[in-house]
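Structural description and commentary
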Amino acid sequence: MLSNLKPQAPDSILKLIEEFKADTRQGKIDLGVGVYKDPQGVTPVMRAVKAAEQRIWETQTTKAYTGLAGEPEYRNAMARMVLKDVPGDRLASLATVGGTGAIRQALELARLANPGATVYVSNPTWPNHLSIMKFMGLPFVEYRYFDAETRGVDFDGLKADIARAGKGDIVLLHGCCHNPTGANLSMEQWDEVAAILEKSGAIPLIDLAYQGFGDGLEEDAAATRMIAQRLPEVLIAASCSKNFGIYRERTGILFALAENTAARDLAQGSMAFLNRQNYSFPPDHGARVVSTILTDDALRADWAAELEEVRNTMLGLRSQLASELRDLSGSDRFDFIGQHRGMFSRLGATPEQVAKLKSDAAIYMVGDSRLNIAGLNQHTVPVLARAIIDAGI
Ligand code: LMR
């Protein structure tokens, strides 16, 4: 039986991790997978996470199963963090295996509710969005998103394309810090998106994997909150991997905002059912760390302060890179790097130029020229800037 299997195409982001590891060159630079690294190149355990883990270790008396949908403390704390004003009578929630698990369960839920739904997805998007939909056999179409000239959002293209989504179709949107481009909508543009969805009855699925990495914890959730206030039905897949730095704990959450309480109860039941079918109970450790932090004023304040340090470090690197490139190129054509937000920016280089960065300068970025800003430090920024110019980008 097993010899009938076909080789699976490797994930482009994960493949890069292996290639980077195998490279023996001194001074190699990893700008691939979206993991935050401090200026010493370390992905630290955040102070509040350590403190919460200690507290859990000292007080936890059982490792018996959690609730099938996860612990209410976690789900409530996350609802307040993401939505602030929680419409409790309309909100269903589900602890999931990371943000990826939340996306997968959201798509499963959409298919259960509307087997004919088409998913509208930005071009480009996180490659695993496409891979999961292909694997599930879900029909999807891409909407225009990135303007290759300006490296900003092609908003007219986006509006025209998402207006084609019909009632009950799903429109997958990145709540902030678009992955892979780093180009984001303004609040005025989000308002226009909400109006299009209000008119058509298409349902937004918001992927919120980087809250706190763009303009701030509250600012990065503003679009999601506005959509949740305006539209009758909304799906939100949020991740704690990045903003709590607990990547390997696989801590995510799916919210389903329903039209009324009866529909909320149906959604809640189906979501718990989906957990049971896929992996039964969700992992608890990361979720407990998050709820411990979010429900304790001192821990929360310390976590928020460290998250701000992380965000400001990335913003500093963005400005430094944009300014190095302005000097080296004698032009402002790289200023978009300073305007993008989140971990990533799409440079707009060709695959050949990306390959040249790898072969000539041992600089690794995803083939579509997505670079992870957090993989840089103030010493490697000039190295990257020089290599970008040398590669003819
Ligand atoms: C990324 O885009 O690099 C991250 O979301 C990590 C992943 O799982 O791909």
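The following refers to the structure shown. This one's a predicted model, so the numbers in the text were calculated from it and none came from an experiment. Per chain, residues are indexed from 1 in the order of the written sequence. Totals for whole chains, interfaces and linings use every residue, but because this is a predicted model, local features are given only for residues with pLDDT of at least 70 and side-chain atom pairs only at 80 or more, for both listing and counting.

On to the overall build of the chain, then. Numbering of helices and strands runs from the N terminus; a helix is a DSSP stretch of H or I covering at least four residues, while a strand is a stretch of E covering at least two. Per the secondary structure count, the chain includes 14 helices and 13 strands. Radius of gyration: C-alpha atoms only; globule rule: 2.2 Å multiplied by the number of residues to the exponent 0.38. Its C-alpha atoms give the chain a radius of gyration of 21 Å, within 12% of the compact-globule value 21 Å for 393 residues. If one aligns the C-alpha atoms of the chain with their principal axes, the spans along those axes are about 60 × 55 × 55 Å. Buried positions account for 46% of the 393 residues belonging to the chain. Placing a C-beta atom from the backbone of each residue, one calls two residues in contact when those atoms lie within 7 Å. The contacts in the chain between residues at least 6 apart in sequence include a share of 76% that link residues at least 24 apart. Exposed residues have 12 or fewer other C-beta atoms within 10 Å of their own C-beta, buried residues have 20 or more, and partly exposed residues fall in between, where C-beta atoms are placed from the backbone.

Taken in spatial order, the seven strands of this open sheet run E2-E10-E9-E8-E7-E3-E4, and their pairing is mixed. Taken across any chain shown, the strands that pair with only one partner, and hence form the sheet edges, are strand E2 (91-97) and strand E4 (140-144). Pairwise comparison of adjacent strand axes, ignoring direction, gives a mean angle of 25° for this sheet. Inspection of the sheet shows strand E8 (residues 203-208) paired to strand E9 (residues 234-239) by four bridges, in the parallel sense. For two strands to count as paired, DSSP must find a minimum of two bridges between them. Axis geometry follows a simple rule: fit a line to the C-alpha atoms, using only the stretch in contact for helices, then measure angles between N-to-C directions, giving values from 0 to 180 degrees.

Turning our eyes to something else, we now look at the environment of Gly152. Along the chain, the position of Gly152 falls in strand E6 (residues 152-153). Given 17 C-beta atoms within a 10 Å radius, Gly152 is considered partly exposed. Here the alpha-carbon distance between Gly152 and Arg326, two residues 174 residues apart in the chain, equals 18 Å. When near neighbours in sequence (up to four residues on either side) are disregarded, Gly152 contacts Asp147, Ala183 and Phe336.

This part is about the pairing of E9. Successive residues of a regular strand alternate their side chains across the two faces of the sheet. Of all six residues that make up E9, six are buried, and the element is covered over most of its length. Neither face of E9 is open: one carries Val234, Ile236 and Ala238, the other Leu235, Ala237 and Ser239, and all of them are buried. With the strands aimed away from the viewer, a crossover counts as right-handed if its path from the first strand over the helix to the second runs clockwise. For the crossover from E8 across helix H8 (residues 217-230) to E9, the handedness is right-handed. Pairing of E9 with strand E10 (residues 251-257) involves six bridges; the strand directions are antiparallel. Residue pairing in the sheet places Leu235 in a bridge with Ala256 of E10.

Among buried residues, those of type Ala, Val, Leu, Ile, Met, Phe, Trp, Tyr and Cys that are joined through C-beta atoms within 7 Å form a set called a nonpolar core. With 112 residues, the main nonpolar core has Val82, Ala106, Val171, Ala237, Leu254, Ala256 and Val290 as its most contacted residues. If you tally residues by element for this core, the top one is helix H11 (residues 297-329), at eight residues. Not counting the four nearest positions on each side in its chain, Ala256 is found in contact with Ala92, Leu109, Leu235, Ala267 and Met271.

Close contact between helix H2 (residues 47-59) and H11 brings their axes to 8 Å; oriented N to C, the two are set at 150°. In terms of orientation, H2 lies roughly antiparallel with respect to H11. Counted together, Arg47, Ala48, Ala51 and Ala52 of H2 and Leu299, Asp302, Trp303 and Glu306 of H11 form the full contact between these two elements. Each residue is assigned to one of three groups, with Ala, Val, Leu, Ile, Met, Phe, Trp, Tyr, Cys and Pro labelled nonpolar, Asp, Glu, Lys and Arg labelled charged, and all others, Gly among them, labelled polar. Residues belonging to the contact of H2 with H11 are distributed by class as follows: five nonpolar, no polar and three charged. What sets the label is the angle itself: under 35 degrees gives roughly parallel, over 145 gives roughly antiparallel, 65 to 115 gives roughly perpendicular, and the rest give oblique.

Glancing now at helix H9 (residues 261-278). Think of an α-helix as turning once every 3.6 residues; residues three or four places apart then point the same way. Its 18 residues place the ends of H9 26 Å apart at the C-alpha level, agreeing with the 26 Å of an ideal helix rising 1.5 Å per residue. Listed as buried for H9 are Arg264, Ala267, Met271, Leu274 and Asn275. Seen end-on, H9 carries its buried residues on one side only, within an arc spanning 100°. Every exposed residue of H9 that faces more than 90 degrees away from the buried side is listed here: Ala262, Asp265, Gly269, Arg276 and Gln277. Where the residues of H9 are buried, they touch E2, helix H4 (98-113) and E10. In a helix, the anticipated span is given by 1.5 Å times the number of residues less one. The arc in question is the one spanned by the directions pointing from the helix axis to the C-beta atoms.

Glancing now at unusual backbone geometry. Residue Pro124 is bonded to the preceding Asn123 through a cis peptide linkage, with omega at 5°. With respect to the helices, strands and loops of the structure, Pro124 is situated in the loop between strand E3 (119-123) and helix H5 (127-136). Note that the residue after Asn179, namely Pro180, is joined by a cis bond; omega there is 20°. With respect to the helices, strands and loops of the structure, Pro180 is situated in the loop between strand E7 (170-174) and helix H7 (187-200). The phi torsion at Arg151 lies on the positive side, around 60°, for a residue other than glycine. With respect to the helices and strands, Arg151 occurs in the loop between strand E5 (146-147) and E6. Of note in the backbone geometry, Ala362 takes a positive phi value of approximately 55° without being a glycine. Along the chain, Ala362 turns up in the loop between helix H13 (351-361) and strand E12 (363-364). Under the C-beta neighbour-count criterion, Ala362 is labelled partly exposed, with 18 such atoms within 10 Å.

For each residue, a C-beta position is placed from the backbone atoms; the residue is near a molecule or strand when that point lies within 6 Å of it. Residues in close proximity to the ligand include Ile13, Val33, Gly34, Trp126, Asn128 and Asn179, which together make up its full environment. Split into classes, the residues belonging to the shell around the ligand amount to three nonpolar, three polar and no charged. Boundaries between domains were set according to an automatic or database domain assignment. Split by domain, the shell around the ligand shows at least three residues from each of two domains, domain 1 (12-44 + 312-390) and domain 2 (65-295).

Turning to the packing of helix H6 (residues 155-162) against H7, a few remarks are in order. Where H6 meets H7, the closest approach of the two axes is 10 Å, and the angle between their N-to-C directions is 15°. On the basis of the axis angle, H6 is roughly parallel to H7. Two packed elements cross with a definite hand, and for H6 against H7 that hand is right-handed. Residues Phe155, Lys159 and Ile162 of H6 pack against Gln189, Glu192, Val193 and Ile196 of H7. Residues of the contact of H6 with H7, tallied by class, amount to four nonpolar, one polar and two charged. Put simply, a crossing is left-handed when the front helix is turned counterclockwise from the back one by less than a right angle, and right-handed when it is turned clockwise.

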